[in-house]
Amino acid sequence: MPASLPFSPAPMPSGGRVRRLLAQWWAVLLFGAVAAVYALSPSSHDARSRDATARLLHATTWLALPWFALLSALISLALIRTLVVTAQSYGLSQFALEMVVRVLVLEFVPLGAALFVLLRVALAGDLLPAPDAAGGLAPQSIAAPRWRLELVPRVLALGFAVLALAIASGVLALVLAYTVVYGISPWGFEAYTRMVGRVFDPAVGLALGLKTALFALTVAVVPLASALQELPAERRAGGFAVRSGTRRVLAVLVLLQAASLALKFL
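Residues numbered from 1 in each chain as written. Predicted model: local features only at pLDDT ≥ 70, side-chain atom pairs only at ≥ 80, totals over all residues. Heavy atoms only, no water.

Caption draft 1: Structural detail: the packing of aromatic side chains. Throughout the structure, instances matching the rule amount to six aromatic pairs. The interplanar angle of 35 degrees and the centroid separation of 5.0 Å between the aromatic rings of Tyr178 and Tyr182 together place this pair among those described as tilted. Taken together, the residues Tyr178 and Tyr182, both in helix α5 (residues 144-182) and four residues apart, mark about one turn of the helix. A residue is classified by how much of its surface remains accessible, and Tyr178, at 11% relative accessible area, is buried. Members of the aromatic cluster, joined through ring pairs, are Tyr178, Tyr182, Phe189 and Tyr192. (Phe/Tyr/Trp six-rings, centres within 6.5 Å; stacked < 30°, edge-to-face > 60°. Helix = DSSP H or I, 4+ residues; strand = E, 2+ residues; numbered from the N terminus. Buried < 20%, exposed > 50% of the residue type's maximum accessible area, 1.4 Å probe, protein only.)

Caption draft 2: Local environment of a nonpolar patch on the surface. Where nonpolar side chains cluster on the molecular surface, the patch consists of Trp67, Leu70 and Leu74 and spans about 380 Å² of accessible area. Assignment of secondary structure puts Leu70 in helix α3 (residues 65-89). (Patch = residues over 30% accessible without salt bridge, like charges linked within 9 Å, V, L, I, M, F, W, Y side chains within 5 Å. Areas by Shrake-Rupley, 256 points an atom, 1.4 Å probe, with all protein chains shown as cover. Salt bridge = Lys/Arg side-chain N within 4 Å of Asp/Glu carboxyl O.)

Caption draft 3: Geometry of the nonpolar core. In this structure, Phe31, Val117, Trp147 and Leu158 are the most contacted members of the largest nonpolar core, which totals 41 residues. Among the secondary structure elements, those contributing two or more residues to this core are α1 (14-40), α4 (96-123), α5, α7 (202-228) and α9 (244-265). (Core = buried A, V, L, I, M, F, W, Y, C linked by side-chain atoms within 4.5 Å.)

Caption draft 4: Focus on the packing of α5 against α7. Contact geometry of α5 with α7 gives a least axis separation of 8 Å together with a crossing angle of 145 degrees. The handedness of the crossing between α5 and α7 comes out as right-handed. Residues Arg146, Leu151, Arg154, Val155, Leu158, Gly159, Val162, Leu163 and Ala166 of α5 touch α7, and the partners they reach there are Thr212, Ala213, Phe215, Ala216, Val219, Ala220, Leu224 and Leu228. (Axes fitted to C-alpha atoms, helices over the stretch in contact; angles between N-to-C directions. Left-handed = near helix turned anticlockwise from the far one by under 90°. Contact = heavy atoms within 4.5 Å.)

Caption draft 5: Summary view of the pattern of salt bridges. Throughout the structure, instances matching the rule amount to six salt bridges. Here Arg198 ties to Glu98 by a salt bridge, and the two come within 3.5 Å at their closest N and O atoms. Within this pair, whereas Arg198 is found in helix α6 (residues 189-199), its partner Glu98 is found in helix α4, the two being separated by 100 residues in sequence. Looking at Arg198, the relative accessible area reads 46%, which means it is partly exposed. Salt bridges linked by common partners bring Glu98, Arg102 and Arg198 together as one network.

Here's what the structure looks like:
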């Protein structure tokens, strides 16, 4: 009996897989660097590129905002109510609001916004650039008009969508937390704002802003860079959820969230 069936592909050596993985991540980093150069160049923002960016901002942020706000409100209410009731049952009602803000706003809101925009990219194929016919298109070989009219507007729109949805969700969560605990009474506003100011000290605010910006950069760069490396037949054959781009984004988001928690508790 032969050692392997005729249709069984020969396994790729581990060294080859590592080199291929490193080459793919290097292409992602190079894509992000070139996109940043074009985005910061004034010559890239002519009338046509501004129109393309405005259309993508409308599609990724404005059209998604009502649905995201509704979903965020429902999840926030469930988490707020659960955390408040749990704290009260253990006699820790004085720490309930602070725990809600630390758990919900600092941890779940940025990650939820990033995952929502990633899902939006997965469901809307028009947000992904068309792959090269040969696959594996190197960022440095892409023509400047394509960067200005197709790629940079997508990077800016996706990054802005994560930031805008995270801010909107955070504000909504803070309003809902106050309403759940104090109702519509204004008498708890002074204590509530004092507690929120104590939670969001300069170090925590800087860490939250940096984490959200890294989430936005990951969602804006990694799916687009991965899409350029695909063959057109691969895109037609399988959904975005099973392709390497989504796995890469999720891996980076998990690593960033884990690093944030590790630095917070060390």
